[in-house]
Amino acid sequence: MEQQDIPAGALRRLADSWHNPAGSGRTFCIPPNGGLPNGVPLDEEFSTAIRESETGAFLFWSAEESQAVLPPFPVEAAAEYPGWSAEPLYSLLDKPRTVLVVLLRLSGYAVGVFEGERLARSKVGSRFVKGRHKKGGSSSGRFARRREEQARGLMDKAAQTLQEQAESWEGPVDHFLLGGDRLTLLAFEKRCPYMERFEGIRLPRVLNVGRPNLEALRALPRLMYASRVIAAGRSTGA
């Protein structure tokens, strides 16, 4: 089994090469936690990847080979099509979306609102947070307390910026997405109760980005709209 992350444009070209509704096989749209289609033999590693996908999958299956696309946004409904049909995948990729993003590391934060792949609004900031202290003793304790205080100040400013950007945005938001350092984001969630209002639209993945700044936001669509593509050979039992 082979897998790779593919940007939206490259994925569309790949799906164009698959598209053959009159051919053999079937196409399945599988929502998150939707379960695998009955009577379709797949090897265990391949089927596990589909079951564990947080956004569901598009499964292109035949007795000779199978391809699964784990999309960047959730598959909305279960469906089945004859042959290999890329149309439902195109529909998901082309659907207009507004995404609110928070990027956070101890070096700084960036909050952006995307309409499709266009960065429609943004605000970034940084605060000095000391690096780790390598010496022991009482100075180490004072250093740690100071570092924690600086980190809390950074997270509180990021939380304030998130609320300001969200409340000043006049249109609806379809998805909420986080990126940066996972441990810092966990601490941020505890200090930002405002995040609770996005629980119903929050995507579970965390984007792996470096320093949060305007440049990182502008480069984000390539990562944000990428899909994982998994290829398998002859289906087990076919």
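Above: the structure in question.
Quick caveat, the model's predicted, so the values are computed rather than measured.

Quick notes on the rules
Residues numbered from 1 in each chain as written. Predicted model: local features only at pLDDT ≥ 70, side-chain atom pairs only at ≥ 80, totals over all residues. Heavy atoms only, no water. Core = buried A, V, L, I, M, F, W, Y, C linked by side-chain atoms within 4.5 Å. Buried < 20%, exposed > 50% of the residue type's maximum accessible area, 1.4 Å probe, protein only. Helix = DSSP H or I, 4+ residues; strand = E, 2+ residues; numbered from the N terminus. Pairing = 2+ DSSP bridges. Axes fitted to C-alpha atoms, helices over the stretch in contact; angles between N-to-C directions.

Caption draft 1: View of the nonpolar core. Within the largest apolar cluster, 23 residues are counted, with the highest numbers of intra-cluster contacts made by Leu100, Leu104, Leu162, Phe176 and Phe188. Elements represented by at least two residues in this core include exactly strand 6 (98–105), strand 7 (108–115), helix 4 (138–168), strand 9 (175–180) and helix 5 (182–191). No other element matches the seven residues that helix 4 contributes to this core.

Caption draft 2: Structural context of unusual backbone geometry. With phi around 60 degrees, Asn33 is a residue other than glycine that occupies positive phi space. With respect to the helices and strands, Asn33 occurs in the loop between strand 2 (26–30) and helix 2 (44–51). A relative accessible area of 78% means that Asn33 is categorised as exposed.

Caption draft 3: Summary view of the sheet that holds strand 11 (residues 227–232). With antiparallel pairing, the six strands of this open sheet are ordered in space as 1-11-4-3-2-5. Bordering the open sheet on either side are strand 1 (2–6) and strand 5 (79–82), each of which pairs with just one other strand. Neighbour-to-neighbour, the strand axes of this sheet turn through a mean angle of 15 degrees, independent of strand direction. Two strands pair when backbone bridges link them, and strand 3 (residues 57–61) and strand 4 (residues 66–70) are joined in this way by four bridges, in the antiparallel orientation. Bridge assignment links Phe60 to a residue of strand 4, and that residue is Gln67.

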